[in-house]
Amino acid sequence: MRKQQFSATIHAPKEKVWQVLWSEETYPAWTAAFAEGSRAETDGWKQGTTVRFLDGRGSGMISRVAENRPNEFMSFEHLGVIHNGVEDTESEEVKKWKGSKENYYLEERDGNTELKVEMDISEEWKDYFLKTWPRALENIRKLSEK
């Protein structure tokens, strides 16, 4: 597992970027870069609650909101996978990366927001995320600058 960072400068206040990241309306639009039909089942992104990150077929990841500081920082701890609606938090495959983190940092400077995403990535997923995160960040930028 290694930490990988992705970032973008967005010409919008951090409050607008935060809204784009976590609102029910825009979350599926920017995460379509990862999988069409993406959605998140969440209890309002409250710290300590569970989030189910799902694709259009009901598969994805189950995570916990480790920290939520509105308009500044969001952290997820990944707990397992979901295949066809069934959660797996105990298989040997899941244990290899269970507990990995995905962090979102927002810092505003001169009316622009620097969005930095830092995540733990296994070697097998590195190429996928190196290809998809730039597209996701571009989606976030476009939605935020509207």
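All of the points below concern the structure found in this document. For clarity, every value in this text was computed on a predicted model and none was experimentally measured. (Residues numbered from 1 in each chain as written. Predicted model: local features only at pLDDT ≥ 70, side-chain atom pairs only at ≥ 80, totals over all residues. Heavy atoms only, no water.)

Before going further, it helps to spend a moment on the nonpolar core. If you look at the biggest cluster of nonpolar residues, it comprises 30 residues, and the most contacted ones within it are Trp30 and Trp133. The element contributing the most residues to this core is helix α4 (residues 123–144), with 6 residues. Non-local contacts of Trp133, meaning those with residues more than four positions away in its chain, are made with Phe6, Trp30, Phe34, Glu102, Tyr104, Val117 and Met119. (Core = buried A, V, L, I, M, F, W, Y, C linked by side-chain atoms within 4.5 Å. Buried < 20%, exposed > 50% of the residue type's maximum accessible area, 1.4 Å probe, protein only. Helix = DSSP H or I, 4+ residues; strand = E, 2+ residues; numbered from the N terminus. Contact = heavy atoms within 4.5 Å.)

It is worth spelling out the pattern of salt bridges at this point. Here the structure, examined in full by the defined rule, presents 16 salt bridges. Note that Asp55 and Arg57 form a salt bridge whose closest N and O atoms lie 3.3 Å from each other. What makes Asp55 buried here is its relative accessible area of 12%. Residue Glu138 is joined to Arg141 by a salt bridge in which the shortest nitrogen-to-oxygen separation is 2.4 Å. (Salt bridge = Lys/Arg side-chain N within 4 Å of Asp/Glu carboxyl O.)

Attention shifts here to the environment of Ile121. Structurally, the position occupied by Ile121 is in strand β8 (residues 112–121). The buried category is assigned to Ile121, whose relative accessible area is 3%. Setting aside residues up to four positions removed in sequence, Ile121 forms contacts with Met1, Arg2, Gln4, Phe6, Lys126 and Phe129.

Counted under the stated rule, the structure contains 22 aromatic pairs. Between the aromatic rings of Phe6 and Trp133, the centroid separation amounts to 5.8 Å while the plane-to-plane angle is 25°, which identifies the pairing as stacked. Placement of Phe6 in strand β1 (residues 2–10) and of Trp133 in helix α4 is noted, with a sequence separation of 127 residues between them. Each of the two residues, Phe6 as well as Trp133, counts as buried. Residues Trp18 and Trp22 carry aromatic rings whose centres are separated by 6.1 Å and whose planes lie at 70° to one another, so their mutual orientation is edge-to-face. Taken together, the residues Trp18 and Trp22, both in helix α1 (residues 14–22) and 4 residues apart, mark about one turn of the helix. The pair Trp18 / Trp22 is uniform in exposure class, with both members buried. The cationic tip of Lys116 hangs over the ring face of Tyr105; the distance from NZ or CZ to the ring centre is 4.8 Å. (Phe/Tyr/Trp six-rings, centres within 6.5 Å; stacked < 30°, edge-to-face > 60°. Lys NZ or Arg CZ within 6 Å of the ring centre and 35° of its normal.)

This part covers the pairing of strand β5 (residues 73–83). A regular strand carries its side chains on alternate faces of the sheet. Of all 11 residues in β5, 8 are buried, a share of seventy percent or more. Relative to β5, strand β4 (residues 60–69) runs antiparallel, the two sharing 9 bridges. Opposite Ile62, over in β5, you have Gly80 as the bridge partner. What sits between β4 and β5 in their antiparallel hairpin is a turn of 3 residues, with Asn71 showing a positive phi close to 65°. Here β5 runs beside strand β7 (residues 101–109); their pairing, made up of 5 bridges, is antiparallel. Looking across to β7, one finds that Phe76 is bridged to Glu102. In this sheet, strand β6 (residues 86–88) lies alongside β5 in antiparallel orientation, the contact comprising 3 bridges. By the bridge assignment for β6, Ile82 is matched with Glu87. Counted along the chain from β5 to the antiparallel partner β6, the turn is 2 residues long, and its residue Asn84 has a positive phi close to 50°. (Pairing = 2+ DSSP bridges.)

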